Each structure stands twice: as C-alpha cells, then as structure tokens.
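# Report on the structure
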Amino acid sequence: MADQTHVLFVEDDDVIREATQLALERDGFAVTAMPDGLSGLEAFRANRPDIALLDVMVPGLDGVSLCRRIRDESTVPVIMLSARADSIDVVLGLEAGADDYVTKPFDGAVLVARIRAVLRRFGHAGGGAQASADPSAVDGGVLTFGELEIDTEGMEVRRAGQPVALTPTEMRLLLEFSSTPGTVLSRDKLLERVWDYGWGGDTRVVDVHVQRLRTKIGQDRIETVRGFGYKLKA
C-alpha cells in the first residue's frame with residue numbers, strides 16, 4: 001500500500017461502496033472504504049490517506065461534518081460526493097473545506113479523472129504561477145500586496161505579519177491571482193488553471209473558494225468584476 005495512492009472512501013450504500021472500491025483498486029489505488037462518518041474519521045486518523053472521498057449523506061457523522069473534522073487536522077484533499085447537483089449540500093461541502101465534488105450517479109472513469117486532477121495539483125501546489133509573476137513585485141521570492149505577503153518559494157502567506165493557513169487549493173488560487181495582479185480572471189480560466197479541468201465545470205467551486213480565501217487574506221483584497229470574474233488588487 002505504501003507505493004500506492006491511498007483513498008479513504010466513506011459511503012453508506014453497500015452496492016456503491018463495493019463497486020466503487022473495486023473500480024478504484026483496478027485503477028491502482030489502495031482503498032479504505034467505510035460505511036459511516038464516525039468510522040471514516042477513525043480510519044482517517046489511523047491511516048492518513050492521500051485523498052478522501054466523502055458522501056454527503058452518511059450516518060453517524062455526515063459528510064460535511066466529517067470534512068470539517070478532517071480539515072481541522074489536515075490539508076489532505078477532499079472530494080465530496082452528492083446525489084443532488086443543485087443542492088445546498090454542494091456549497092456546504094465546499095464551505096467546509098472540500099476541494100471539489102462529484103455528482104452521483106457518476107461514471108467510474110470520470111471519478112478517477114477528478115481524483116487524479118486533484119492529486120496532480122496537490123503534488124505541485126505552486127503550479128506555474130510563480131514564473132509569470134511580475135519581477136518588480138518580488139523580493140527574494142516574496143510578493144507583497146499591502147499587508148499581504150506571499151512567499152512563493154516557501155509556500156507561506158502572512159497578513160499583517162501573521163501567518164495565514166491556506167489549503168493547497170487556496171494557495172494555488174492565490175498564486176494564480178498574484179501572478180497577474182489587477183488582471184481579471186474568469187471563473188472558467190480559474191477552473192482550468194487551478195482545478196485542472198480540461199472540460200467545463202461548476203463555477204460554484206470557484207466562487208466558494210474565493211470567498212474562503214477572502215476571509216483569510218482580507219475581504220477587499222480580491223475584487224469581483226461583475227459579469228467577468230475576479231482580480232487581485234495590486
């Protein structure tokens with residue numbers, strides 16, 4: 001298992017859990033599958049998986065609450081599974097700290113593609129943003145925007161001198177903004193660059209992550225340009 005990507009999969013439906021576990025194992029993943037949130041939390045703490053797949057509606061400790069508990073302890077990537085694409089559950093999951101979500105019923109190949117996309121961006125959190133940053137704004141790898149400092153080499157962020165804890169997805173989003181400060185980035189462009197989507201995705205993922213980022217670096221630092229997207233204030 002040490003040489004394999006370890007997936008924690010929490011799903012209460014026996015058929016879906018067993019079929020998905022088999023499909024993931026055929027694709028080379030090591031899978032720990034649990035039927036409820038409490039056993040899922042125990043498995044997470046015992047095994048420290050590389051990624052967690054959490055169904056929203058599981059007994060004991062629901063998927064959103066489980067995501068919050070995991071996020072309190074770790075920045076491991078989390079993908080939520082929801083049977084209702086238009087449900088508030090999707091937004092709640094993202095607000096709890098999930099990095100992405102997949103709607104049920106899902107195609108196994110699509111799920112694997114989404115897992116690999118998340119793992120790719122977590123494997124190189126800096127992406128390509130640093131290379132395109134304005135050199136005049138960089139001091140030893142540190143970008144400065146008012147009271148906000150972004151260390152693009154150490155992958156650390158400070159606000160008014162105080163460290164800011166960001167998940168890898170939030171860090172990639174901030175690096176994307178800081179690479180072209182003052183430039184409006186559309187939601188589709190951010191989905192492509194940050195979430196590694198080669199296809200259209202749900203822009204709610206972007207909106208919720210931008211809001212989460214704002215609460216950490218300052219509500220006014222990222223500006224909404226209505227009808228176009230977002231930009232970082234230089």
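Above: the structure in question.
Overview of the structure. As the structure is a computational prediction, the values presented were derived from the model and not from experiment.

Further remarks concern the overall build of the chain. Broken down by element type, the chain carries eight helices and twelve strands. The contacts of the chain with a sequence gap of at least 6 include a subset with a gap of at least 24, amounting to 60%. Here the chain has roughly 10,700 Å² of accessible surface; of this, 49% comes from carbon and sulfur atoms.

Another point: the nonpolar core. Membership of the largest hydrophobic core comes to 50 residues, with the highest contact counts inside it found for Leu54, Met80, Ile150 and Phe177. Among the elements that take part in this core, helix H8 (residues 204-217) stands out by supplying six residues, more than any other. Among residues more than four places away in sequence, those in contact with phenylalanine 177 are Leu185, Leu190, Val210, Ile222, Tyr230, Lys231 and Leu232.

The first and last C-alpha atoms of helix H6 (residues 168-179) sit 16 Å apart over twelve residues, in line with the 16 Å expected at 1.5 Å per residue. Most of H6 sits inside the fold, with twelve of its twelve residues counted as buried. Within H6 the residues assigned to the buried category are Pro168, Thr169, Glu170, Met171, Arg172, Leu173, Leu174, Leu175, Glu176, Phe177, Ser178 and Ser179.

Among the secondary structure elements, glycine 218 is positioned in the loop between H8 and strand S11 (222-225). Glycine 218 gets classed as buried once you look at its relative accessible area, which sits at 7%. With 70 residues separating them along the chain, glycine 218 and leucine 148 place their C-alpha atoms 8.7 Å apart.

A word on the packing of helix H4 (residues 88-95) against H8. Packing of H4 against H8 leaves a shortest axis separation of 9 Å and a crossing angle of 40°. Considering the angle they form, H4 stands oblique to H8. Note that H4 runs across H8; the crossing there is right-handed. Of the residues in H8, those touching H4 at Val90, Val91, Leu94 and Glu95 are Arg204, Val205, Val208, His209 and Arg212. Class assignment for the residues of the contact of H4 with H8 results in five nonpolar, one polar and three charged.

As a further point, take the sheet that holds strand S1 (residues 6-10). Reading across the sheet, the five strands line up as S2-S1-S3-S4-S5 and stay open at both edges, with parallel pairing between neighbours. Edge positions in the sheet fall to strand S2 (30-34) and strand S5 (100-103), since each has one partner strand and no second. Averaged over all adjacent pairs, the angle separating strand axes in this sheet is 20°, with direction ignored. Here four bridges tie S1 to strand S3 (residues 51-55), and the two strands are oriented parallel to one another. Bridging from a neighbouring strand, valine 7 pairs with isoleucine 51 of S3. Sheet strands in contact with helix H5 (residues 108-123) are S3, strand S4 (78-82) and S5, and its direction is about 175° off that of S5.

Analysis parameters
Residues numbered from 1 in each chain as written. Predicted model: local features only at pLDDT ≥ 70, side-chain atom pairs only at ≥ 80, totals over all residues. Heavy atoms only, no water. Helix = DSSP H or I, 4+ residues; strand = E, 2+ residues; numbered from the N terminus. Contact = heavy atoms within 4.5 Å. Areas by Shrake-Rupley, 256 points an atom, 1.4 Å probe, with all protein chains shown as cover. Core = buried A, V, L, I, M, F, W, Y, C linked by side-chain atoms within 4.5 Å. Buried < 20%, exposed > 50% of the residue type's maximum accessible area, 1.4 Å probe, protein only. Expected span 1.5 Å × (residues − 1). Axes fitted to C-alpha atoms, helices over the stretch in contact; angles between N-to-C directions. Parallel < 35°, antiparallel > 145°, perpendicular 65-115°, else oblique. Left-handed = near helix turned anticlockwise from the far one by under 90°. Nonpolar A, V, L, I, M, F, W, Y, C, P; charged D, E, K, R; others polar. Pairing = 2+ DSSP bridges.

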